[in-house]
Amino acid sequence: MTHLLMACRTFAFALVLAGLFPSSALAADPAGQTASSEAGHQRLADLLEDDAARAALIEQLRKLGDDAGADALAAESSDPSIAARVADFSQRVAQGTVRETRNAVESVGDAWSRLLSADPQALAWLVGEFAVLVAVTLLAFRLLSIGAGFIFRALDRSAAASGGPSAIVWVRRGLAIAGTALADLATIALAGAAGYAVALFLLGTAGELRPQESLFLNAFLVVEALRAVLRLVFSRHGEHLRVLPAGSEETAYWYAWASRMVFFIGYGLLLVVPLINHFVTAELGRAVAIVIMITALLRAAVIVMQNRVRTRAALEALGERMASPFARVSLAIGARIWHVVAIIYLAAILVTSILYPEEALPFMLAASGQTIVAVVVGIALAALLTQVILRRIRIGDELRAKFPLLEARLNAYVPTALKLARFLILAVVLAFIVDAWTPFDLGAWVASDAGAGLIGRLISVALIVVLALLVWLVIASWIEFRLNPDAGAAPNPRARTLLTIFRNAVAIALVVVTSMVVLAEIGINIAPLLAGAGVLGLAIGF
C-alpha cells in the first residue's frame, strides 16, 4: 500500500511537471479550473492510449520510485558513525585553521593600509596619552603596594603568633589572611581610581573616557585582581599567610609562572585584541587572539612536561600521608596521569578557541575558574577542619574523676565527625564542578522543591542522629557516675546489675527509635515495621 501511494504521488507530480495539470493557471484563474481539468483528462487519455508513451511513463515512474527509496534509505542512516564524526571534526578543524589564516593575511594588508593613511601627528599624540595613562596607573600601583607592605608585614606577624588556644590561633590566622586579601584589593582599587582620574580630567576631553583608556583600566583591574588571588594562594606577602602547604621555593616558582600567564593572556585578550577590533579590523583581532591562546597554551604544555616528575613525587608523598585509603589511591592514580589530563585539557581549549571562539572558549574558561575555586576552597576547609577537629578534647580533673570514660567517649566521636565533614565537603565540591561543566544548574536545583526537600531531609536526619547521640551520652555518663565508687557510695551488686541492664536496654531502644524516625524522615513507610515489632513483642511475651 505504501509503494502504491508513493507511486500515485510521483505520478501526479510527473503529470504536473509535464504540463498535464496546469497548476499555476488553476491557482491564478479559479474560474477556468473546470476547462483546464477537462483538457488535462483528455491529454491523459491520449497518453494512455499510446503504447510507447505509456511504456515511457511507466519507466519514468519506476525510476522516480527507486530514487525515492534511496533517499528514504539515506535518511534512515543519517546517524554518522564514529569514524565519520572524527573525519567531520578533523575537516572542520582544518577548514577553520585555513579560514582564520586567510582572514589574518588579508587583515594584515588592510591594517597596513590604514596605518599608512593615518595622520602621524595625531597617532603619536594618541599613543603618547595612552602611554601616560599606563605609566601613571602602574606607578600608582607600585607606590601603593610598597606602602601596603607595612600592613602585610604586620598581618604576617599576627598570623605567626602562637599564644592562646588552638582555635584562637586559627581564627587569628584566618583574619590575617582575610585582611591581606582586602588590603591587596584596596591597593588595586586605589590605583585604578588614580588611572580613571587621570583619564577623565587630564587626558583628552574633560569628563570623557575614550575606548582605549576604558579597555586598559578594565584590563588592569581584572588582571591585578587575578594576580592578587595568586598572591593570596601562594603567600607572596608573608610566610605565615600561606594557604597552600608548600615550601617557599615551590610557591615562588608557581606564582611566577602563573602570574606571567595571567598577565600575558589577560592584557592580550582584554586590551590588545579589543583595541585591534576597534581601530583596525575584527578579523585581525581574531587572528591575534588565536596567536595569544596558542602561545600561552604551548608554554603551559611545556611547563607541565617540565614539572611532570616533580609533581608526581609530590602527589605520591602527599598520598602516603593520607589516612583515608580512598585518598591514597586517588592521589596515586592522579600522580601518574595528571600531566596527560593537563595536556588533553589544554588541547581542548586550543581546539575550541579555533572552532567555537564565541561560545566554547568563554564557557571552558568560566568552568575552569569555578572548578579551581571549588577545589581550592574545599582543600582549605578540609585542612582547617582537620586542624580543629583532631585536637583532643580535654575535660577538667574533677569532672574526669566523676566520669572516667567521658573524655574517651567524646574523643571517640572525633574521627567519625571528621570523616563526615570531609565527605560533605567533597560532595559540595563535586556539585560545584558538575554545575560548572554540565547543564545541571546547582542554584536552580537547590531552589526547587526536590532540592530543598532533599537538603531539608538530610539536615533533619543529621539533627536526629546528633540528638540521639547526646541522649546516649547523657544517660551513659549518668550510669557511669552511679557505678563509679569514687563519685559517692559504692553500688551493691543488685544495683550494678540493674544499671548495666538499663544501659543496654536504653542503647537498644535508642538505636531502634532513631532508626525508625530516620526511615520515616526519608520517606519510608514504617507502619509494617511497627506492626512486625508488635507481633514479635507479643510472641516473646507469650
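Residues numbered from 1 in each chain as written. Predicted model: local features only at pLDDT ≥ 70, side-chain atom pairs only at ≥ 80, totals over all residues. Heavy atoms only, no water.

Focus: the overall build of the protein chain
Piece 1. Helix and strand counts for the protein chain come out as 19 helices and 0 strands.
Piece 2. Split into buried and exposed, the 542 residues of the protein chain put 27% on the buried side.
Piece 3. Across the protein chain, every contact between residues at least 6 apart in sequence was considered, and the portion connecting residues at least 24 apart equals 68%. (Helix = DSSP H or I, 4+ residues; strand = E, 2+ residues; numbered from the N terminus. Buried < 20%, exposed > 50% of the residue type's maximum accessible area, 1.4 Å probe, protein only. Contact = heavy atoms within 4.5 Å.)

Focus: the nonpolar core
Most often, soluble globular proteins have nonpolar side chains that are buried together.
Piece 1. Among the nonpolar cores identified, the biggest contains 33 residues, and Leu133, Phe216, Phe220, Leu230, Trp257, Tyr267 and Leu271 are the most heavily contacted of them.
Piece 2. Elements with a minimum of two residues in this core: α6 (120-160), α7 (166-201), α8 (211-233), α9 (248-279), α10 (282-306) and α12 (325-355).
Piece 3. For phenylalanine 220, the residues in contact, after removing those within four places along its chain, are Thr137, Leu138, Phe141, Ile188, Ala191, Gly192 and Tyr267.
Piece 4. By size, the runner-up hydrophobic cluster in this structure holds 5 residues, among which are Leu155, Ala159, Ile177 and Leu241. (Core = buried A, V, L, I, M, F, W, Y, C linked by side-chain atoms within 4.5 Å.)

Structural notes on the environment of tyrosine 255
Piece 1. Relative to the assigned elements, tyrosine 255 resides in helix α9.
Piece 2. The buried category is assigned to tyrosine 255, whose relative accessible area is 13%.
Piece 3. It is 8.8 Å that separates the C-alpha atoms of tyrosine 255 and arginine 227, two residues lying 28 residues apart in sequence.

Notes on the pattern of salt bridges
Piece 1. Using the criterion set out here, one finds 5 salt bridges in the structure.
Piece 2. Here aspartate 184 makes a salt bridge to arginine 231, at a shortest N to O gap of 2.9 Å. Remark: arginine 231 occurs in helix α8 and aspartate 184 occurs in helix α7; sequence separation between them is 47 residues.
Piece 3. By relative accessible area, which is 9% here, arginine 231 ends up buried.
Piece 4. Note that arginine 210 is salt-bridged to glutamate 213, the shortest N-O span being 2.6 Å. (Salt bridge = Lys/Arg side-chain N within 4 Å of Asp/Glu carboxyl O.)

Quick notes on the packing of aromatic side chains
Piece 1. Scanning all chains against the criterion turns up 7 aromatic pairs.
Piece 2. When the centroid spacing of 6.4 Å and the interplanar angle of 20° are considered together, the rings of phenylalanine 216 and tyrosine 267 count as stacked. Placement of the pair is phenylalanine 216 in helix α8 and tyrosine 267 in helix α9, with a sequence separation of 51 residues. Accessibility classification places phenylalanine 216 together with tyrosine 267 in one group, the buried group.
Piece 3. An aromatic cluster is built from Phe130, Phe141, Phe216, Phe220, Phe263 and Tyr267, whose rings are joined through pairwise contacts.
Piece 4. When the ring centre of phenylalanine 150 is taken as reference, the NZ or CZ atom of arginine 153 above it lies at 4.8 Å. (Phe/Tyr/Trp six-rings, centres within 6.5 Å; stacked < 30°, edge-to-face > 60°. Lys NZ or Arg CZ within 6 Å of the ring centre and 35° of its normal.)

Topic: the packing of α9 against α10
Piece 1. At a minimum axis separation of 8 Å, α9 and α10 run at an interaxial angle of 170°. Between α9 and α10, the interaxial angle falls into the category roughly antiparallel.
Piece 2. Among the residues forming the contact of α9 with α10, the class breakdown is 19 nonpolar, 5 polar and 2 charged. (Axes fitted to C-alpha atoms, helices over the stretch in contact; angles between N-to-C directions. Parallel < 35°, antiparallel > 145°, perpendicular 65-115°, else oblique. Nonpolar A, V, L, I, M, F, W, Y, C, P; charged D, E, K, R; others polar.)

Considerations on helix α17 (residues 449-483)
Piece 1. If you check α17, its first and last C-alpha atoms are 50 Å apart, about what 35 residues at 1.5 Å a residue would give, namely 51 Å.
Piece 2. All buried positions along α17 are accounted for by Gly451, Val461, Ile464, Ala468, Leu473, Ala476, Ser477, Ile479, Glu480 and Leu483. (Expected span 1.5 Å × (residues − 1).)

Topic: the packing of α8 against α9
Piece 1. Two elements in contact, α8 and α9, have axes whose closest approach is 9 Å; the angle formed by their N-to-C orientations is 165°. Taken as axis vectors, α8 and α9 run roughly antiparallel relative to one another. Crossing angle aside, the handedness with which α8 passes α9 is right-handed.
Piece 2. A breakdown of the residues in the contact of α8 with α9 according to their chemical character gives 19 nonpolar, 4 polar and 3 charged. (Left-handed = near helix turned anticlockwise from the far one by under 90°.)

Things to note about the side chain of threonine 371
Piece 1. Here threonine 371 lies in helix α13 (residues 360-389).
Piece 2. The contacts of threonine 371, once residues within four sequence positions are left out, are Ile433, Ala436 and Trp437.

Here's the deal with a nonpolar patch on the surface
Piece 1. Taken together, Val329, Ile333, Ile337, Val340, Val341 and Ile344 make up a surface patch of nonpolar side chains, about 520 Å² in accessible area.
Piece 2. Within the secondary structure layout, isoleucine 344 lies in helix α12.
Piece 3. According to the relative accessible area criterion, isoleucine 344 is exposed, its value standing at 55%. (Patch = residues over 30% accessible without salt bridge, like charges linked within 9 Å, V, L, I, M, F, W, Y side chains within 5 Å. Areas by Shrake-Rupley, 256 points an atom, 1.4 Å probe, with all protein chains shown as cover.)

Re the side chain of serine 259
Piece 1. Structurally, serine 259 is set in helix α9.
Piece 2. Note on serine 259: relative accessible area 5%, which makes it buried.
Piece 3. Looking at serine 259, its side chain comes within polar contact range of the side chain of arginine 227, at 2.8 Å.
Piece 4. Serine 259 has contacts with Arg227 and Leu230, leaving out every residue within four places of it along the chain. (Polar contact = N/O pair within 3.5 Å; in protein donor to acceptor, adjacent residues only side chain to side chain.)

A few points about α9
An α-helical turn contains 3.6 residues, so a residue and the one three or four places further along point in the same direction.
Piece 1. The end-to-end C-alpha separation of α9 is 44 Å, in line with the 46 Å expected for 32 residues at 1.5 Å each.
Piece 2. Of all the bends in α9, the largest measures some 40° and sits at glycine 268. (Bend = angle between axes of the 7 residues up to and from the residue.)

Side note on the confidence of the model for the protein chain
Piece 1. Predicted confidence across the protein chain gives a mean pLDDT of 75, with 69% of residues reaching 70 or more.
Piece 2. The model gives residues 1-34 a pLDDT under 50, and that stretch makes 22 contacts with residues more than four places away or in other chains.
Piece 3. When the criterion is pLDDT under 50, residues 73-78 qualifies, and its contacts beyond four places in sequence or with other chains add up to 0 contacts. (pLDDT = per-residue confidence, 0-100.)

A short note on the environment of leucine 209
Piece 1. Along the chain, leucine 209 falls in the loop between α7 and α8.
Piece 2. Look at leucine 209 and you get partly exposed, because its relative accessible area is 29%.
Piece 3. Distance in space between the C-alpha atoms of leucine 209 and alanine 199 is 6.4 Å, their sequence separation being 10 residues.
Piece 4. Ignoring anything within four residues of it in the chain, the contact list for leucine 209 reads Tyr196, Ala199, Leu200 and Ser214.

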